[in-house]
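Reading the structure
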Amino acid sequence: MRPVLVAGNWKMHTTVKSAVELAASVVRGLEADPRLRVAVCPPFPYLLPVAEVLRGSPVGLGAQNLYPKPEGAFTGEVSPAMLRDCGCQYVIVGHSERRHVLGESDAFINEKVLAGLAAGLTVIFCIGETLAERDAGLTHAVLDRQLTNGLAGVADDAWSRLVIAYEPVWAIGTGRNATPDQAQDAQAFVRRRVAQLASAAVADNLIIQYGGSVKPDNAASLLSQPDVDGALVGGASLKADQFLAIVRAAV
Ligand code: 13P
């Protein structure tokens, strides 16, 4: 049985005070389950105070981005080693907002994936098609391109620290989630493709999350699909009761 990973992507939200309170509420409300992994991904400035709150709890800490160099003259950027130093176990790479708002390419995202894995982080690698691509029947082709290019060169022993988040762009922040069938179809395709890129065993053990307007009332139906192994939650992760309800629906 694969583990289930529910992660909150807080995006560019919260303050020091609200981030600490939100993390504390998640820790307090979490019910342990052997299959369950939970993480929160605050903005960079709040990683350290949130790490303090999470210390000793089962809730993991993740960052929302990294720069794929160990250190150097890269004004405004944050290295994978710095994330480790702040207590991160996870990092989100290739989020659609970074692809589409900030113009990150498959090649640059690939550098980030490799840098995160090399630093010992678990990389939550995001992929997903736009509405135009889905309407044109290109969903699998887009996922194939993102997987092939984004995961080029992943070392055999690093796949176990890779998580894939299928986040259709049209479902992010729109209130319009993929149907369970749409999520299952895309995620089964992702698993088949990873079996080709890595191995059947890697694909079998791979955690594939769904992301895009996951809410307490749709989480159970999405997460009951055989290839949906968790959720990457945006808006609903900013309210502890909603996030915890999604976590409960996952197990
Ligand atoms: P929403 O849950 O707000 O749609 O965001 C999803 C997402 O982008 C998570 O990374």
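Everything below is about the structure shown above.
A brief look at the structure comes next. Here the structure is a predicted model, which means the values were calculated and not measured.

**Observations concerning the site of the ligand**
- The environment of the ligand is made up of Asn9, Lys11, His95, Glu167, Ala171, Ile172, Gly173, Gly212, Ser213, Leu232, Gly234 and Gly235.
- In this structure, an oxygen atom belonging to the ligand sits 3.0 Å away from a side-chain N or O atom of Asn9.
- The contact in question runs from an oxygen atom of the ligand to an N or O atom on the backbone of Gly235, over 2.8 Å.
- For the ligand, whose unbound accessible area comes to 310 Å², protein coverage reaches 96%.
- Tallied by class, the residues present in the shell around the ligand amount to three nonpolar, seven polar and two charged.

**Section: the packing of helix α5 (residues 106-118) against helix α7 (residues 139-150)**
- Axis separation between α5 and α7 bottoms out at 8 Å; the angle between their running directions is 50 degrees. One way to sum up the angle between α5 and α7 is to call them oblique. Viewed along their axes, α5 and α7 form a crossing whose handedness is right-handed. Contacts from Asp106, Asn110 and Val113 of α5 reach α7 at Arg145, Gln146, Asn149 and Gly150.
- For the contact of α5 with α7, a count of residues per class yields one nonpolar, four polar and two charged.

**Remarks on the sheet that holds strand β1 (residues 4-9)**
- In spatial order, the strands read β1-β2-β3-β4-β5-β6-β7-β8; together these eight strands close into a barrel with parallel pairing. Strand after strand, the sheet turns through a mean of 25 degrees between neighbouring axes, direction not considered.
- Alignment of strand β3 (residues 59-63) against strand β4 (residues 90-93), held across two bridges, turns out to be parallel. Counted as the bridge partner of Ala63 is Val91 from β4.

**Quick word on the nonpolar core**
- Val113, Phe125 and Ile164 are the most contacted members of the largest nonpolar core, which totals 68 residues.
- In terms of residue count, helix α11 (residues 240-250) provides more of this core than any other element does, six residues in total.
- Non-local contacts of Phe125, meaning those with residues more than four positions away in its chain, are made with Val93, Arg99, Ile109, Val113, Gln146, Leu147, Gly150, Leu151, Leu162, Val163, Ile164 and Ala165.
- Among the nonpolar cores identified, the runner-up in size contains 12 residues, and Ala7, Tyr90, Ile92 and Ile124 belong to it.

So, how was this worked out
- Residues numbered from 1 in each chain as written.
- Predicted model: local features only at pLDDT ≥ 70, side-chain atom pairs only at ≥ 80, totals over all residues.
- Heavy atoms only, no water.
- Near = heavy atom within 4 Å.
- Polar contact = N/O pair within 3.5 Å; in protein donor to acceptor, adjacent residues only side chain to side chain.
- Areas by Shrake-Rupley, 256 points an atom, 1.4 Å probe, with all protein chains shown as cover.
- Nonpolar A, V, L, I, M, F, W, Y, C, P; charged D, E, K, R; others polar.
- Axes fitted to C-alpha atoms, helices over the stretch in contact; angles between N-to-C directions.
- Helix = DSSP H or I, 4+ residues; strand = E, 2+ residues; numbered from the N terminus.
- Parallel < 35°, antiparallel > 145°, perpendicular 65-115°, else oblique.
- Left-handed = near helix turned anticlockwise from the far one by under 90°.
- Contact = heavy atoms within 4.5 Å.
- Pairing = 2+ DSSP bridges.
- Core = buried A, V, L, I, M, F, W, Y, C linked by side-chain atoms within 4.5 Å.
- Buried < 20%, exposed > 50% of the residue type's maximum accessible area, 1.4 Å probe, protein only.

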